[in-house]
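Chain and residue survey
The primary structure of each chain is shown beneath.
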Amino acid sequence: MSRAGAPLVNVEPRRLSGTRFAEAWLGLEPRATALLPGDPREIASYEAKAREVERRFDAAALREVATHLSGGGPGAAARLEAFVGQGGFMVTTGQQPGLFGGPLYALYKGLTAAAVARRLEGVLGRPVLPVFWIASEHHVWEDVAAVHVVNLENVLSEVSLPPPAGAAGKPLHRVAVGPEITDAVEKFCGLHPGSEFLPRWKDLLSEGYAPGKTLADGFRHIMADLLGSAGVFLLFAHDSALKARSLPLLLRELTESAEREESLASFDVRVREAGFEPQVPFLEGATNLFFEGPAGRERIFRDGTRLRLRGSETVLSFDDVTARAADDPSLLSPNVLLRPVVEASLLPTLSYVAGPGEIAYLPHAASVFSAHGVERPIVHPRAAFSVLEGKVEKILRKFALGLEDLALAEHELAGKLAREEMPGEVHDALRALERSLAAGADALEQATIPIDPTLRGPLDALRSQSGQLLADVERKILQSLKRRNEVALTQAAKAQLHLFPLGRPQERVFNPFYYLIRYDDAFLDAVNERVKQAVLP
């Protein structure tokens with residue numbers, strides 16, 4: 001619950017946006033919905049998936065699954081027992097472990113999974129656990145090691161963590177950070193106002209992100225706190241027991257990689273025929289697997305009858321990879337298409353909560369799921385929001401701006417504001433002149449064409465030139481209004497910085513602590529309430 005006196009913050013739902021496929025699927029276009037299983041709006045889709053999951057998971061399998069989970073908030077142990085004893089299911093989601101909890105949408109994913117799980121639990125009459133899969137095998141440091149904050153001077157600032165020596169290419173779970181992480185926490189917190197809530201959240205950050213820990217450790221610590229009250233469990237992709245269980249599937253994928261390449265190429269054709277561009281680059285000879293070699297986590301390619309690691313160009317035999325992975329299963333890991341198959345084979349997943357990027361690439365995994373005898377989970381879109389602070393809402397009201405207006409480029413927004421400031425009599429006079437010029441040109445054409453049809457060319461030129469001159473006059477009027485409207489533009493730009501920093505939705509740039517330090521639990525309460533309204537079935 002919110003602390004007494006905590007200021008409120010408004011959380012407004014927004015439609016997910018991204019790839020053409022994701023927008024078409026969200027818009028229920030048949031050419032897109034045909035490429036993903038089930039309908040997330042229909043309970044029958046989840047009931048059908050539940051029947052398939054039941055055939056693969058008995059009580060013993062569920063008990064083993066439960067051993068991989070951490071977090072879950074208050075009462076987690078009792079919920080796990082019920083999950084095993086009553087034949088439960090899962091709603092999953094996931095994300096790379098970003099610095100200081102990563103972008104806002106990671107939080108939205110976890111809370112959406114919790115809301116979907118609660119809804120399905122009530123309908124199915126069986127325990128349904130929300131689970132956040134932490135992609136700790138991710139190996140691109142630059143993807144996860146920076147955060148942005150609007151500082152006290154209303155300027156966007158970046159806090160980044162340089163990669164430790166030798167970190168290049170290594171999975172995040174193998175890279176411990178040094179004392180520089182302490183400086184990063186201090187710098188990050190120093191960019192925020194000194195609110196009464198700051199000590200609480202600074203302590204949480206300092207506990208999670210400390211020298212000797214990995215970004216994956218810190219992310220789990222943060223998410224266990226932020227998602228605990230919603231009952232979300234956490235799972236590391238590099239969990240040793242989980243890796244051992246997934247090894248047979250990974251090795252099978254390696255032996256069948258040529259067949260998989262053929263089926264993926266065939267599916268790419270189907271995607272193009274539906275009018276979309278494939279979202280996963282097709283690389284000839286590439287497998288759906290990575291192996292840790294001299295250059296870190298390297299993509300495995302087929303090289304004749306042998307295997308080659310993309311990066312170090314190390315050549316290995318299938319037996320080499322098999323023997324080394326048997327000794328240490330963590331060396332072998334799935335790519336973006338195989339990962340959801342691994343997850344669905346190891347966990348009793350009914351639904352996967354996805355963002356627009358995942359919605360776009362998940363169709364490509366269809367043939368991989370099929371090859372391993374696993375049905376795809378029902379894809380449920382994550383909730384998306386715009387967080388409106390009071391100062392931002394005030395600007396929107398003052399200038400009658402909508403959220404979509406602030407997504408415009410700066411010059412387009414300036415033009416919109418200027419047009420809205422244009423006096424009505426000026427606007428009416430311009431439109432009247434426009435109509436008059438068009439009518440006069442039409443009348444002149446009707447009168448002169450019978451005399452000489454070749455006069456149509458000069459008349460068309462007259463229309464074009466007069467239209468251009470009128471547009472130039474209107475543009476100069478708008479420029480004058482822009483100069484008079486500098487205060488409005490400055491304030492609108494401030495609102496734009498908070499809602500679309502770097503020209504992107506705030507959920508992709510800011511992280512949760514920007515709002516937690518300002519609004520404490522009131523922020524989480526507001527998001528939770530909105531998430532409940534965003535669940536489809």
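Predicted, not measured: the structure shown is a model, and the values here were computed from it.

**Considering the packing of helix α3 (residues 43-56) against helix α6 (residues 104-124)**
The N-to-C vectors of α3 and α6 enclose an angle of 75°; their axes lie 11 Å apart at closest approach. The angle between α3 and α6 places the two elements in the roughly perpendicular class. Mapping the contact onto sequence places I43, Y46 and E47 in α3 and L120, V123 and L124 in α6. For the contact of α3 with α6, the residue count by class is five nonpolar, no polar and one charged.

**Details of empty space enclosed by the protein**
Counting across every chain of the model gives three cavities of 30 Å³ or more. Around the largest cavity, the lining is made up of 14 residues, and of these L264, V280, P281, F282 and L337 lie nearest the centre. Partitioned by chemical class, the residues of the lining of the largest cavity number seven nonpolar, four polar and three charged. Looking at the second largest cavity, its volume works out to about 100 Å³. Looking at the second largest cavity, it is lined by 13 residues, and the ones nearest its centre are P340, Y352, L362, F369 and P377.

**With respect to the packing of α6 against helix α9 (residues 215-228)**
Close contact between α6 and α9 brings their axes to 11 Å; oriented N to C, the two are set at 50°. One element, α6, and the other, α9, form an angle in the oblique class. Of the two possible hands of crossing, α6 and α9 adopt the one that is right-handed. Contacts between α6 and α9 involve A106, L107, G110 and L111 from the former and F219, M223, L226 and L227 from the latter. The residue inventory of the contact of α6 with α9, partitioned by class, reads seven nonpolar, one polar and no charged.

**Notes on the pattern of salt bridges**
Under the defined criterion, the tally for this structure stands at 29 salt bridges. R530 is the partner of E12 in a salt bridge, and the nearest nitrogen-oxygen pair spans 3.4 Å. Placement of E12 in strand β1 (residues 10-13) and of R530 in helix α23 (residues 521-534) is noted, with a sequence separation of 518 residues between them. For E12, a relative accessible area of 25% gives the class partly exposed. Of the residues examined, R530 reaches a relative accessible area of 23% and is grouped as partly exposed. With a closest N to O distance of 3.1 Å, D521 and R200 form a salt bridge.

Conventions used here
- Residues numbered from 1 in each chain as written.
- Predicted model: local features only at pLDDT ≥ 70, side-chain atom pairs only at ≥ 80, totals over all residues.
- Heavy atoms only, no water.
- Axes fitted to C-alpha atoms, helices over the stretch in contact; angles between N-to-C directions.
- Helix = DSSP H or I, 4+ residues; strand = E, 2+ residues; numbered from the N terminus.
- Parallel < 35°, antiparallel > 145°, perpendicular 65-115°, else oblique.
- Contact = heavy atoms within 4.5 Å.
- Nonpolar A, V, L, I, M, F, W, Y, C, P; charged D, E, K, R; others polar.
- 1 Å grid on protein atoms, 1.4 Å probe; cavity = no way out; pocket = protein on both sides within 12 Å on 5 of 7 lines; lining within 4 Å.
- Points joined across faces, edges and corners; volume = space filled by probe spheres on them.
- Left-handed = near helix turned anticlockwise from the far one by under 90°.
- Salt bridge = Lys/Arg side-chain N within 4 Å of Asp/Glu carboxyl O.
- Buried < 20%, exposed > 50% of the residue type's maximum accessible area, 1.4 Å probe, protein only.

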